[in-house]
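Coordinate analysis (summary)
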Amino acid sequence: MKNRKSNKKIIITFIAVMVILYAAGYFIGRIAAEAERASGFNEIIKNWKHFLINLLPPVFAAVSALAVMLPVIKFISCNSMYKELQKDMDNDDLWDTLEEKLNGPMICSNIFSVIEVFLFFSFLYVSLISDYGKNGGYQTVLIIADFVLFLIASVTEVLIPKLVIDIEKKLNPEKEGNLLDFRFNRVWMDSCDEAQKLIAYKAGYQAFLNTNIVCVVMCTVSLIVMFLFKTGVYPLLCVCVIWLVNNVSYMFRAVRLERRTK
């Protein structure tokens, strides 16, 4: 009886949340459409675009600089700790600390790589649709700096993870795989023990759940942007494709693995 009540409550809560989300999306869309028709709205959008166009290049340069410095600084710290461990391989506390600390440069490199891709393509778009940097001076220098920093950051985001993997392989000789190999993920997972694989599976499942939540939010945002900036259905389509691939790939893989266990 208790389980039935609990299930009923869950279903009611789920339906209520979905109704609220769809209603919010509908009303926000209507408000955005009305706001667009209001006098002066187009001028506000134009001013914001001009502000963002001038803001993007220096932000891109700053983020690119951080994308180089932070992973390198974290790796230097890890490398120093590894050299210290070489002098005392029986120091379990230092060993465990280093294993955990190696996550730092990997996390930084992965996060910055995604942000850098977004900023780079946004920067290219701004360069094509505006006159930014076409009159020489400070803006041209900043554009050149952006490209140079982006190239350095791109190399760093490949090199640092490779160096981290090399240290990890020295600490755990059973680990295999070269980060530059396209089959790295499969080879690396095959060399992991059951406990490490379980951690990866749990983390992957949590990423699946988080992606579903983010896709719901991004669908709502895409709907608002579609009315405000006349972007069309393409942003919404992109989010829904990611959402669909995320769910379909998970479900089909789960069905295939379930068949193997029988």
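Quick look at the overall build of the protein now. Helix and strand content of the protein: 8 helices and 0 strands. Residue burial in the protein is summarised as follows: out of 262 residues, 27% are buried. Sequence-distant contacts in the protein: of pairs separated by 6 or more residues, those separated by 24 or more amount to 63%. For the protein, the accessible area works out to roughly 18300 Å², and carbon and sulfur atoms hold 68% of it.

Quick look at the pattern of salt bridges now. Scanning all chains against the criterion turns up 1 salt bridge. Note that Lys-162 is salt-bridged to Asp-166, the shortest N-O span being 3.3 Å. Taken together, the residues span about one helical turn, with Lys-162 and Asp-166 both in helix α5 (residues 138-171) at a distance of 4 residues. Classification of Asp-166 by relative accessible area gives partly exposed; the value is 25%.

Core analysis: the largest hydrophobic core is formed by 18 residues, its most contacted members being Leu-56, Phe-60, Phe-112, Leu-119, Phe-123 and Tyr-132. Contributions of two or more residues to this core are made by α2 (41-87), α4 (103-129) and α5. Ranked by residues supplied to this core, first place goes to α2 with 7 residues. If you look at the next biggest cluster of nonpolar residues, it comprises 12 residues, including Cys-78, Leu-85, Val-164 and Leu-171.

So, on to the packing of aromatic side chains. For the coordinates displayed, the defined rule picks out 11 aromatic pairs. Ring geometry for Phe-60 versus Phe-150: centroids 6.0 Å apart, planes at 50 degrees, classification tilted. One end of the pair, Phe-60, is in helix α2; the other, Phe-150, is in helix α5, with 90 residues separating them in the sequence. Taken as a pair, Phe-60 and Phe-150 share a single burial class, namely buried. Between the aromatic rings of Phe-123 and Phe-147, the centroid separation amounts to 5.5 Å while the plane-to-plane angle is 70 degrees, which identifies the pairing as edge-to-face.

Another aspect to go through is the side chain of Asn-212. Tracing the backbone shows Asn-212 in helix α7 (residues 194-229). On the basis of relative accessibility, which here comes to 15%, the residue Asn-212 falls in the buried class. If near-sequence neighbours (up to four positions away) are discounted, Asn-212 is found in contact with Trp-243, Asn-246 and Asn-247.

For Ser-127, the position within the fold is in helix α4. In this structure the C-alpha to C-alpha distance between Ser-127 and Ile-53, which are 74 residues apart in sequence, comes to 8.7 Å. Polar side-chain contacts of Ser-127 include one of 2.9 Å to the backbone oxygen of Phe-123.

Scored by pLDDT, the protein comes out at a mean of 84, with 87% of its residues at no less than 70. Here helix α1 (residues 2-37) is the element of the protein with the lowest mean pLDDT, 67, and α5 is the one with the highest, 90.

Together, Arg-183, Arg-186, Arg-253, Arg-256, Arg-259 and Arg-260 make up a region of like positive charge exposed at the surface. The greatest single-element share of the positive patch, amounting to 4 residues, is contributed by helix α8 (residues 234-261). Looking at the secondary structure, you find Arg-259 in helix α8. Residue class for Arg-259 comes out exposed when judged on its relative accessible area of 64%.

Rules used throughout
- Residues numbered from 1 in each chain as written.
- Predicted model: local features only at pLDDT ≥ 70, side-chain atom pairs only at ≥ 80, totals over all residues.
- Heavy atoms only, no water.
- Helix = DSSP H or I, 4+ residues; strand = E, 2+ residues; numbered from the N terminus.
- Buried < 20%, exposed > 50% of the residue type's maximum accessible area, 1.4 Å probe, protein only.
- Contact = heavy atoms within 4.5 Å.
- Areas by Shrake-Rupley, 256 points an atom, 1.4 Å probe, with all protein chains shown as cover.
- Salt bridge = Lys/Arg side-chain N within 4 Å of Asp/Glu carboxyl O.
- Core = buried A, V, L, I, M, F, W, Y, C linked by side-chain atoms within 4.5 Å.
- Phe/Tyr/Trp six-rings, centres within 6.5 Å; stacked < 30°, edge-to-face > 60°.
- Polar contact = N/O pair within 3.5 Å; in protein donor to acceptor, adjacent residues only side chain to side chain.
- pLDDT = per-residue confidence, 0-100.
- Patch = residues over 30% accessible without salt bridge, like charges linked within 9 Å, V, L, I, M, F, W, Y side chains within 5 Å.
- Lys, Arg positive; Asp, Glu negative; His and termini not counted.
- Charge placed at Lys NZ, Arg CZ, Asp CG, Glu CD.

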